[in-house]
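Chain by chain, the residues:
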Amino acid sequence: MSKITGSKKATQFTESVIREMTRLNEMYGGVNLSQGFPDFPAPAAVKEAACAAINADVNQYAVTWGARPLREAVAREFSRRYGVPIVADEQVTVCCGSTEAMMSTMLAIIDPGDEVVIFEPFYENYGPDAILSGATTRYVTLREPHWSFDPDELAAAFNDKTKAIIINTPNNPTGKVFTREELETIAALCRKWDVIAISDEIYEHIIYDGLRHTPIATIDGMADRTVTINGLSKTYSVTGWRVGWTISPPSLTGAIRKVHDFLTVGAAAPLQEAGAVALGLPEDYYIKLAENYRQRRDVLLDVLERHHFTVYKPDGAYYIMTDITVFGFADDVEFARYLVKDVGVAAVPGSSFYQNAEKGRTKLRFCFCKKDETLAEADVRLARLVPAAVR
Ligand SMILES: Cc1ncc(COP(=O)(O)O)c(C=O)c1O
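Note that the structure is a prediction, hence the values are computed from the model and not measured.

### Brief notes about the sheet that holds strand 12 (residues 348–349)
Then, in step 1: An order of 9-10-13-12 is seen for the four strands of this open sheet, with the pairing classed as antiparallel. Looking along the sheet, the strands with just one partner apiece sit at the ends: strand 9 (310–312) and strand 12.
Then, in step 2: Bridge count between strand 9 and strand 10 (residues 319–323): three bridges; the pairing is antiparallel. Pairing of Thr-310 across the sheet is with Asp-323, part of strand 10.
Then, in step 3: Contacting strand 9, strand 10 and strand 13 (363–367), helix 12 (residues 283–306) runs over the sheet at an angle of about 15° to strand 10.

### Re the packing of aromatic side chains
Then, in step 1: Under the definition given, this model contains 23 aromatic pairs.
Then, in step 2: Pairing Tyr-208 with Phe-368 gives two aromatic rings, centres 6.5 Å apart and planes at 40°, and the pair type is tilted. Residue Tyr-208 is found in the loop between strand 6 (196–200) and strand 7 (226–231), and its partner Phe-368 is found in the loop between strand 13 and helix 14 (372–382); the two are separated by 160 residues along the sequence.
Then, in step 3: Members of the aromatic cluster, connected to one another through ring pairs, are Phe-309, Phe-327, Phe-329, Phe-335, Tyr-338 and Phe-366.
Then, in step 4: Sitting above the plane of the Tyr-286 ring, Arg-81 keeps its charged end 4.8 Å from the centroid.
Then, in step 5: A cation over an aromatic ring shows up here: Lys-176 above the ring of Phe-178, its NZ or CZ 4.9 Å from the ring centre.

### Re the sheet that holds strand 2 (residues 92–95)
Then, in step 1: Taken in spatial order, the seven strands make up an open sheet running 2-8-7-6-5-3-4, and their pairing is mixed. A single partner strand is all that each edge strand has here, and the edge strands are strand 2 and strand 4 (136–141). Averaged over all pairs of adjacent strands, the angle between strand axes in this sheet comes to 20°, irrespective of strand direction.
Then, in step 2: In this sheet, strand 8 (residues 244–247) lies alongside strand 2 in antiparallel orientation, the contact comprising four bridges. Bridge pairing links Val-92 to Ile-247 in strand 8.

About the criteria used
Residues numbered from 1 in each chain as written. Predicted model: local features only at pLDDT ≥ 70, side-chain atom pairs only at ≥ 80, totals over all residues. Heavy atoms only, no water. Pairing = 2+ DSSP bridges. Helix = DSSP H or I, 4+ residues; strand = E, 2+ residues; numbered from the N terminus. Contact = heavy atoms within 4.5 Å. Axes fitted to C-alpha atoms, helices over the stretch in contact; angles between N-to-C directions. Phe/Tyr/Trp six-rings, centres within 6.5 Å; stacked < 30°, edge-to-face > 60°. Lys NZ or Arg CZ within 6 Å of the ring centre and 35° of its normal.

Dropping the structure here:
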């Protein structure tokens with residue numbers, strides 16, 4: 001048999017469905033409510049800082065684990081907001097986006113056969129991350145309408161082989177914000193089974209209706225066993241800059257930095273300088289960010305409800321999960337293709353967020369990190385949709 005083939009690992013996962021939807025959308029000239037990137041400008045001060053860094057010839061490799069001003073800013077802001085002291089030199093590693101931060105963390109802590117607990121529906125990278133790092137996955141389902149988990153089901157997913165659990169709050173795709181009580185349940189299991197929490201908090205500042213973000217690292221006994229992952233992408237509307245980071249207990253930092261160094265060497269040096277400026281924006285910036293997204297959320301909720309979707313109102317992040325049963329299609333992928341081709345709106349089939357695709361067959365995810373005009377155009381196009389009972 002020919003050896004000119006992909007690896008076994010690479011055959012175990014498929015191409016990103018989200019990026020495929022974006023491509024189809026370009027082909028059919030649709031309104032792209034699939035991939036979660038803003039179509040509006042980034043803050044001027046942050047862009048100016050990037051230009052200034054390039055003009056000042058910050059053009060060579062930064063220190064592999066991250067330029068000092070950005071690492072210091074990450075440590076300072078986490079300590080200030082959440083009261084957990086962070087030492088930049090021992091705990092912060094800057095990566096190429098939180099995507100690489102997650103991959104480097106998984107590769108740094110997982111041995112083949114180690115088990116990792118993942119909530120589903122999940123951000124689609126976690127599955128391939130687990131496969132590439134050799135982890136055995138155990139999925140625990142978040143159930144609509146509130147995307148809550150059954151504590152017994154979660155407890156049953158832990159055992160002696162469990163090495164880590166991945167948490168994502170505020171959550172993509174559901175918009176769930178884990179409550180302190182839920183995080184305490186998870187934390188108790190992490191302490192009981194000596195497990196690392198990997199917490200993807202990339203939507204930290206995109207949270208609504210007076211709710212507060214709670215990092216699991218702030219729960220008793222968790223700072224020493226939590227890797228917090230975050231980045232510039234969502235908070236500053238710069239998903240293409242590829243700057244993210246880990247905050248890890250000192251005992252794990254060395255392993256993460258070694259993997260990161262050999263995977264990517266480092267993130268773009270001038271954009272790290274701009275990142276330090278971004279993290280220093282006044283509190284008002286974050287308040288307006290959340291308020292602007294709250295308004296967009298309410299606009300898209302109204303659009304989707306008027307066009308017959310069942311919606312699950314998100315408490316954070318910038319996505320709305322919907323139920324599409326009323327349209328009577330065979331499955332979510334067929335409906336998503338119809339939607340982009342014949343209606344002109346791209347969204348993401350629910351099955352791509354589940355290990356067991358069947359659980360997502362009646363679901364579709366829309367994102368609302370888009371200009372008012374974009375959402376208004378989606379409204380016009382979605383008016384073509386009719387429920388199956390009326391057709
Ligand atoms: C939950 C979650 N984590 C990570 C990412 C990727 O972030 P980054 O651009 O920092 O790699 C996304 C992007 O959509 C996301 O939704």
